[in-house]
Amino acid sequence: MTNEEFQKLVLEKLSGIESKFDNLESEVSGLKSKIGGVETRFDGLEEQVKENTDIIKAVRHNQEFGIAKLEALVLNTASKESIVKLDAKFGVLNDRLFQQEADLKILKAVK
């Protein structure tokens with residue numbers, strides 16, 4: 001192989017390498033563009049996740065508040081059974097009161 005043939009062969013190989021390098025550069029540029037798009041979408045997702053988290057916290061707080069109000073309502077509400085018991089006690093107390101008033105009238109009449 002002569003010196004000229006060697007130089008042509010080296011130039012051809014170098015030209016091929018340059019072509020491949022240019023292709024790699026364009027692919028890297030395309031990847032950078034895609035990564036930029038992914039980063040933009042990720043930033044949007046981060047904001048959405050934060051907003052969703054804040055909403056969930058507010059809903060949980062309202063739920064806990066509602067449960068507390070319901071428990072207070074249950075504690076302050078008389079059941080049918082307790083009302084029946086109270087009614088029976090009031091009946092007994094009324095009977096005693098009536099009897100005591102009758103006894104007082106009898107005692108006053110005796111004096």
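In what follows, the accompanying structure is described. (Residues numbered from 1 in each chain as written. Predicted model: local features only at pLDDT ≥ 70, side-chain atom pairs only at ≥ 80, totals over all residues. Heavy atoms only, no water.)

**Brief notes about the overall build of the chain**
Along the chain, the regular secondary structure elements total 2 helices and 0 strands. With the principal axes as the frame, the chain shows a C-alpha extent of 155 × 20 × 15 Å. Expressed as a percentage of its 111 residues, the buried residues of the chain come to 0%. (Helix = DSSP H or I, 4+ residues; strand = E, 2+ residues; numbered from the N terminus. Buried < 20%, exposed > 50% of the residue type's maximum accessible area, 1.4 Å probe, protein only.)

**Brief notes about the pattern of salt bridges**
What the rule picks out here adds up to 2 salt bridges. The salt bridge partner of Asp54 is Lys50, with a shortest N-O separation of 3.2 Å. Within this pair, Asp54 and its partner Lys50 are both found in helix H1 (residues 3–76), separated by 4 residues, close to a single helical turn. By relative accessible area, Asp54 is classed as partly exposed at 39%. For the salt bridge of Glu81 with Lys85, the shortest nitrogen-to-oxygen distance reads 3.7 Å. You can see Glu81 and its partner Lys85 sitting in helix H2 (residues 80–110), 4 residues apart, about one turn around the helix. Accessibility assignment for this pair places Glu81 and Lys85 in one class, exposed. (Salt bridge = Lys/Arg side-chain N within 4 Å of Asp/Glu carboxyl O.)

**Concerning a negative patch on the surface**
Where like charges cluster on the molecular surface, the negative patch consists of Glu39, Asp43, Glu46 and Glu47. Mapped onto the elements of the fold, Glu39 is located in helix H1. (Patch = residues over 30% accessible without salt bridge, like charges linked within 9 Å, V, L, I, M, F, W, Y side chains within 5 Å. Areas by Shrake-Rupley, 256 points an atom, 1.4 Å probe, with all protein chains shown as cover. Lys, Arg positive; Asp, Glu negative; His and termini not counted. Charge placed at Lys NZ, Arg CZ, Asp CG, Glu CD.)

**Points about the environment of Gly44**
Along the polypeptide, Gly44 turns up in helix H1. Along the sequence, Gly44 and Ser33 sit 11 residues apart, while their C-alpha atoms lie 17 Å from each other.

**Digging into a nonpolar patch on the surface**
A cluster of nonpolar side chains, contributed by Met1, Phe6, Leu9 and Val10, occupies part of the molecular surface with about 410 Å² of accessible area. Tracing the chain through its elements places Met1 in the segment before H1. Since its relative accessible area comes to 71%, Met1 is described here as exposed.

Read these as spatial facts, not as claims about activity.
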